[in-house]
Structure formats: C-alpha cells, structure tokens
Amino acid sequence: MLQRFSFFRFHQLRHQYSKMSSANFGTYKRAIVRQIPDSIRDHSEAHEDRGFQGLPIYAPINLEKARQEHEVYTQTLRDLGLEVTVVPADESTPDCPFVEDICVVVGNKALLTRPQGAARRKEVDTIEKVLTDLGLEVHRIRNKRATLEGGDVVFTGHEFFVGDSACSNPKGHKILAETFPEYPVLSIPLDPPKFHLKGVICMAAPGVLAVGESKWGVRAWKKIQKHAKFTYEPLWLPDKVFADHTCDVIFFNGNLVHCRTQEGAESVKRFADRFPDVNRVELTIGELEKVDAGLTCCSVLLP
C-alpha cells in the first residue's frame, strides 16, 4: 500500500532537511535552459550509443514539436517562480539542450563537468560563461581521465548519490567530492541501457526518492539503504527498460514537476496518492525522450 505524504509530513521533513543542509535543499530562484539545435535530430550521441549497445532506435525527433514542448517547459519554470536564463543553441553541439549534464550546482558553487562524449565537452565553455556572469564560484574538471555528467548526480540536500556509469567514472566522483567536501559522495553502479542515475532515482521531495521498479532501481535503493549517511523514503514507480522516464522528476520550492498522465498514468496516480498536499505539475518533453532525455535533463536550477 502506498503511504500518503501528508502536508504535515512534507513540512516536517522539509524543516528537518533544511536544518541539516546549508544548501537549503529544494529552494531555488533561477534556472538555465538551452534551446534546441536542428542537429539533434540526426546527430545526438544517443543514436550512436543505442546502436553500439544494440538497443532500439527511436523515430526521428519532430523538431517543431520538440521546440514547442521545450517552450512550454521553460514557461512552466517561469510560472513556478524561477527567473530563467535561455542560452542559444549551438549546431555544433547537438545535445546542448541537456544542460543539466554540464554542471553541478550547490549553493553558490558550481562544478563544470567533463562529459564522456568529446562533442559534448564543447558545451562547457558556454555554460562556464553563463555561470560566471551569474556570479557563481565556478570550478572545472580538467583531469583528462575523469568523466562526470550532471545526469548522474543526485543531490539530496546533504549528500550526493552519483552513478558509476558509462558517463561518469570514479575519478569524476572524486573531483565532485573534493569540490564539495562538506557533502558525502556515494557511488552507485549503473550499467546499460540505464546510462544516467536520474533515470533510476530522483529526489521527489525532501527525504523522498522516486525509484524505478527495475533491477537498476532495486540495486540503487539497496545500496542507499546500506551506505547512505541519512535516511530516505522510497516512492516506487513503474520503470520500463527502454522507454520510461517517470521517476525523472523535478522538485523545487514546494512544487513537484513530473510526467503527464498520458505518459505514465500509474506513476501519476502514485504521485497523487503520496503527495496529496504538494503542488504537482504534469509536464512533457516527449520528443526529446527519443534521444533518452528526461525532465531534469533540460535545466539547471540555481539558488
């Protein structure tokens, strides 16, 4: 039976977690998004990765529809109170809309990552300028043997869970820990076809993790139960192997942004049952899911 997440319990956990974390988890004022280039349709690294792994190749992205969905996504962030910086697309970097992968931000400090794909590393200079212009303390991974992508980094408010995946390796995890020494880092093994940890677990509320009901989700949850420094509650969600992003959610300022009923009716029902007093917003980036994107991929939230 699903446990209902009452208004009292929500604010009890929120108060508890804000006391434990100097980052005041879940409270943000700004966001960064990046527009969609034409080149994503045929040159996203997801096409090559899926072909290499023998996974199904999705139909081509409808660019007009993808941009319409992205505009709604951006406006939704504004409607929920965030000041949004929109970075222009760059045709030489097909996956640049997935700005989450390029940095990890906690408080006023940002770590520019080193993506696994060489083409994506071209995105870092642009985002570095944006973050610097916004007044953040900016650090950068320069070790050429390290990889780290933001889609692998789940910040709970007082520790990091990081995917040990095809996109992020232990050397990248070490640099993350050195950049944010006040927060423990727990590495969680992840193998294909799941290539980012946020496709398996995400923060759905203070102290609550949305967890996919796949073998990857179960394995991640067991490691968290055993090795995390703090205690969490799971919200289990359906997780198809190839095409389910329903555990990829965005929580900020008391809002929970998640998939639409059309894309995950059972997941939406579980969100409603668990969070009856939380402001929930249904949103889609369905066209970009054709290149393995989830909701968190398309923005970086800043204090």
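Here goes a summary of the coordinates provided. (Residues numbered from 1 in each chain as written. Predicted model: local features only at pLDDT ≥ 70, side-chain atom pairs only at ≥ 80, totals over all residues. Heavy atoms only, no water.)

1. Regarding the sheet that holds strand β6 (residues 153–155)
Quick note on the threshold: Between any two strands, at least two bridges found by DSSP are needed for them to pair. Every helix listed is a DSSP run of H or I at least four residues long, and every strand listed is a run of E at least two residues long, numbered separately from the N terminus. Fitted lines through C-alpha atoms serve as axes, helices being fitted only where they are in contact, and the angles separating the N-to-C directions of these axes extend from 0 to 180 degrees. Should any heavy atoms of two residues lie within 4.5 Å, those residues are counted as being in contact.
Ordered by their spatial adjacency, three strands build an open sheet running β6-β7-β8, and the pairing between neighbours is mixed. At either margin of the open sheet sits one strand with a lone partner, and together these are β6 and β8 (185–189). When strand polarity is set aside, the average angle formed by the axes of neighbouring strands in this sheet is 20 degrees. Note: strand β7 (residues 160–164) against β8, five bridges, orientation parallel. Along β8, the bridge assignment pairs Phe161 with Leu186. Contacts between helix α7 (residues 170–179) and the sheet are confined to β6, β7 and β8, with β7 contributing the most and set at about 165 degrees to the helix. Contacting β7 and β8, helix α8 (residues 215–227) crosses the sheet at an angle of about 150 degrees to β8.

2. Focus: helix α6 (residues 123–133)
We apply this condition: Each residue is assigned to one of three classes by its accessible area relative to the maximum for its type, calculated with a 1.4 Å probe on protein chains only: buried under 20%, partly exposed between the two thresholds, exposed over 50%. The arc in question is the one traced by the directions running from the helix axis out to the C-beta atoms.
Restricting attention to buried positions, one finds in α6 the residues Glu123, Val124, Ile127, Val130 and Leu131. Buried residues of α6 fall within an arc of 125 degrees about the axis and therefore sit on the same side. Looking at α6, the residues exposed on the side facing more than 90 degrees away from the buried face are Lys129 and Asp133. Remark: Gly135 follows α6 within two positions and exhibits a positive phi of approximately 90 degrees.

3. Comments concerning the nonpolar core
The nonpolar side chains of a soluble globular protein tend to be buried, and buried together. To be explicit about the condition: Here the nonpolar core consists of buried residues drawn from Ala, Val, Leu, Ile, Met, Phe, Trp, Tyr and Cys, with membership extended through side-chain atoms lying within 4.5 Å.
Counting 46 residues, the largest nonpolar core has Phe160, Phe161, Leu176, Ile201, Leu209, Ile224 and Phe275 as its most contacted members. With sequence-adjacent residues up to four places away left out, Leu176 is seen in contact with Val104, Leu111, Leu148, Val153, Phe160, Val162 and Val185. Within the second largest apolar cluster, 28 residues are counted, among which are Ile61, Leu63, Val257 and Cys297.

Interpretation in functional terms is not warranted from these geometric data alone.
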